[in-house]
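Chain by chain, the residues run as shown.
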Amino acid sequence: MPSVTVLMRKRDRLVRQVKDNLDFLIGSVSTKGLKCESYNLTTKVEGKTVTRHIPIGMVPAVRRMTERHRKLKALLKDLGDTNWLLAREGVELKDYGTL
């Protein structure tokens, strides 16, 4: 198992990366069909599928933001695993602040 110092550096890096990816959207981008160049953002809200129209000029930005959500989920899993290892070593994470 890595040392506490290595784990704390990893945790600090992950916290910075999480902060850098907070401008995200949850959902997926889809087209309305092959004949029509129109896009939607589809997501779940309270258990129901909700579809929102994306203006054509916003499609690249929305795609980047949905990709950030995927990245953020992976970062949070890694951060949770790292926090667990630190907790097992007896490190009080409350002393290191929160996001």
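Figured I'd write up the structure that's included with this text. Each chain carries its own residue numbering, running from 1 in the direction its sequence is written. Totals for whole chains, interfaces and linings use all residues, but because this is a predicted model, local features are given only for residues with pLDDT of at least 70 and pairs of side-chain atoms are given and counted only at 80 or more. Processing note: side-chain calculations cover all non-hydrogen atoms of the structure and skip hydrogens and water entirely.

### Regarding the environment of Val62
What counts as a helix is a DSSP run of H or I of at least four residues, what counts as a strand is a run of E of at least two, and both are numbered from the N terminus. By the element assignment, Val62 lies in helix H2 (residues 59-88). When its relative accessible area of 5% is taken as the criterion, Val62 is described as buried. Note: C-alpha distance between Val62 and Gly80 (18 residues apart in sequence) is 27 Å. Each residue gets one of three labels from its accessible area relative to the maximum for its type: buried under 20%, exposed over 50%, partly exposed in between, using a 1.4 Å probe on protein chains only.

### Let's talk about the sheet that holds strand S2 (residues 39-45)
To summarise the sheet geometry, strands pair through backbone hydrogen bonds and adopt either a parallel or an antiparallel arrangement. A pair of strands is labelled paired if DSSP reports no fewer than 2 bridges between them. On the basis of which strands lie adjacent, the open sheet formed by three strands has the order S1-S2-S3 and antiparallel pairing. The open sheet terminates on both sides in strands that have one partner only, identified here as strand S1 (28-31) and strand S3 (48-54). Taking each pair of neighbouring strands and ignoring which way they run, the sheet shows an average axis angle of 35°. In terms of strand pairing, S2 meets S3 through seven bridges, oriented antiparallel. Within S3, the residue paired with Thr43 across the bridge is Val50. Residues are treated as being in contact if the distance between any of their heavy atoms lies within 4.5 Å. Lines fitted to C-alpha atoms define the axes here, with helix axes fitted over just the stretch in contact, and angles between the N-to-C directions of these axes take values from 0 to 180 degrees. Contacting S1, S2 and S3, H2 crosses the sheet at an angle of about 35° to S2.

### Here's the deal with the packing of helix H1 (residues 4-20) against H2
For the pair H1 and H2, the least separation of the axes is 10 Å and the interaxial angle reads 155°. In terms of axis orientation, H1 runs roughly antiparallel to H2. Classified by chirality, the crossing of H2 by H1 is left-handed. For the pair H1 and H2, contact is made by Val4, Leu7, Met8, Lys10, Arg11, Leu14, Val15, Gln17 and Val18 and by Leu72, Leu75, Leu76, Asp78, Leu79, Thr82, Asn83, Leu85 and Leu86, respectively. Under this grouping Gly is polar, as are all residues other than the nonpolar Ala, Val, Leu, Ile, Met, Phe, Trp, Tyr, Cys and Pro and the charged Asp, Glu, Lys and Arg. Looking at the contact of H1 with H2, its residues break down into 12 nonpolar, three polar and three charged. Angle categories: roughly parallel below 35 degrees, roughly antiparallel above 145, roughly perpendicular from 65 to 115, and oblique for all the rest. Helix crossings fall into two classes, left-handed where the near helix is turned counterclockwise from the far one by less than a right angle and right-handed where it is turned clockwise.

### Considerations on H1
Here the expected length of a helix is defined as 1.5 Å per residue gap, with one fewer gap than residues. Here H1 contains 17 residues, and its C-alpha end-to-end distance of 24 Å stays within 8% of the 24 Å for a straight helix at 1.5 Å per residue. Buried-residue contacts for H1 involve H2.

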